[in-house]
Amino acid sequence: MRDQHATASSLRERILEHSLVADMWRLLWKAGITDVEILRSEFDGYGYDLVIAWGVVVRHVQLKAGRLKNPGNFDIVTSLADKPSGCVVYLDVDDALDVRAYWYFGAAPGEPMLSLEGYRPARRIGRTAEGVRPDRKNHVRLRGSGFEKLDGLEHLVERLLGRTDGGE
């Protein structure tokens, strides 16, 4: 089953994205919230997979997933920081794609993304003829240590949208 994570990574990504969206909508439904928009990006060229909007909060969300208990280091597109309230969500999943933990990198709802200053440029996968891996333009290597571990899906939705229990 572990080989599936590599050989069917695009399918895995779609399953996790659809599951997360369904779980979030179900949670919001139970809270009586039915006016949240969740839009999917056709391709990941601008640094985000989902746009989530509720009232004045608009989130551009980059999803990452892995079987590591803590987020590792991975590359993100720097243009995500130019979006309103850009953020990254890491899903720690098991082999069956059940989420074990949610991790968050970003600011409060309505606030710009945390600064990417100080993060080193990401490197291209391929090497030049000289054997050098040049920097990947407009990408940085995000450190897993910058993520906040959340207490479940409810906490993730709160970090993304703010209070969803009707309180002030």
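Below or above, wherever it landed, is the structure these notes cover. (Residues numbered from 1 in each chain as written. Predicted model: local features only at pLDDT ≥ 70, side-chain atom pairs only at ≥ 80, totals over all residues. Heavy atoms only, no water.)

Turning to helix 3 (residues 153-161), its buried residues are Leu153, Leu156, Val157, Arg159, Leu160 and Leu161. On its buried face, helix 3 is in contact with helix 2 (9-30), strand 2 (50-54), strand 3 (57-66), strand 5 (87-93), strand 6 (99-105) and strand 9 (148-150). Gly162 lies just past helix 3 and shows a positive phi near 100 degrees. (Buried < 20%, exposed > 50% of the residue type's maximum accessible area, 1.4 Å probe, protein only. Helix = DSSP H or I, 4+ residues; strand = E, 2+ residues; numbered from the N terminus. Contact = heavy atoms within 4.5 Å.)

Ordered in space as 1-2-3-5-6-9, the six strands form an open sheet in which the pairing is mixed. Of all the strands in the sheet, the pair left with one neighbour each is strand 1 (37-40) and strand 9. Across the sheet, the mean angle separating the axes of adjacent strands is 30 degrees when strand polarity is ignored. The pairing of strand 5 with strand 6 spans six bridges and is classified as antiparallel. Across the sheet, the residue bridging to Val89 is Tyr104, located in strand 6. Here helix 2 sits on the sheet and contacts strand 1, strand 2, strand 3, strand 5 and strand 6; the angle it forms with strand 1, its principal contact strand, is near 170 degrees. (Pairing = 2+ DSSP bridges. Axes fitted to C-alpha atoms, helices over the stretch in contact; angles between N-to-C directions.)

Before going further, it helps to examine the side chain of Asp75. Locating Asp75 in the fold gives a position in strand 4 (residues 74-77). Among the polar contacts listed, one links the side chain of Asp75 to the side chain of Arg141, at a separation of 2.9 Å. Among all residues touching Asp75, those that are not within four sequence positions of it are Lys64, Ala122, Arg123, Arg136, Val140 and Arg141. (Polar contact = N/O pair within 3.5 Å; in protein donor to acceptor, adjacent residues only side chain to side chain.)

Here the focus is the pairing of strand 2. The buried count for strand 2 comes to five of five residues, which makes it a mostly enclosed element. Relative to strand 2, strand 1 is paired through four bridges, and the arrangement is antiparallel. Paired with Arg40 across the strands is Leu50, a residue of strand 2. Bridge count for strand 2 against strand 3 is five bridges, and the pairing is antiparallel.

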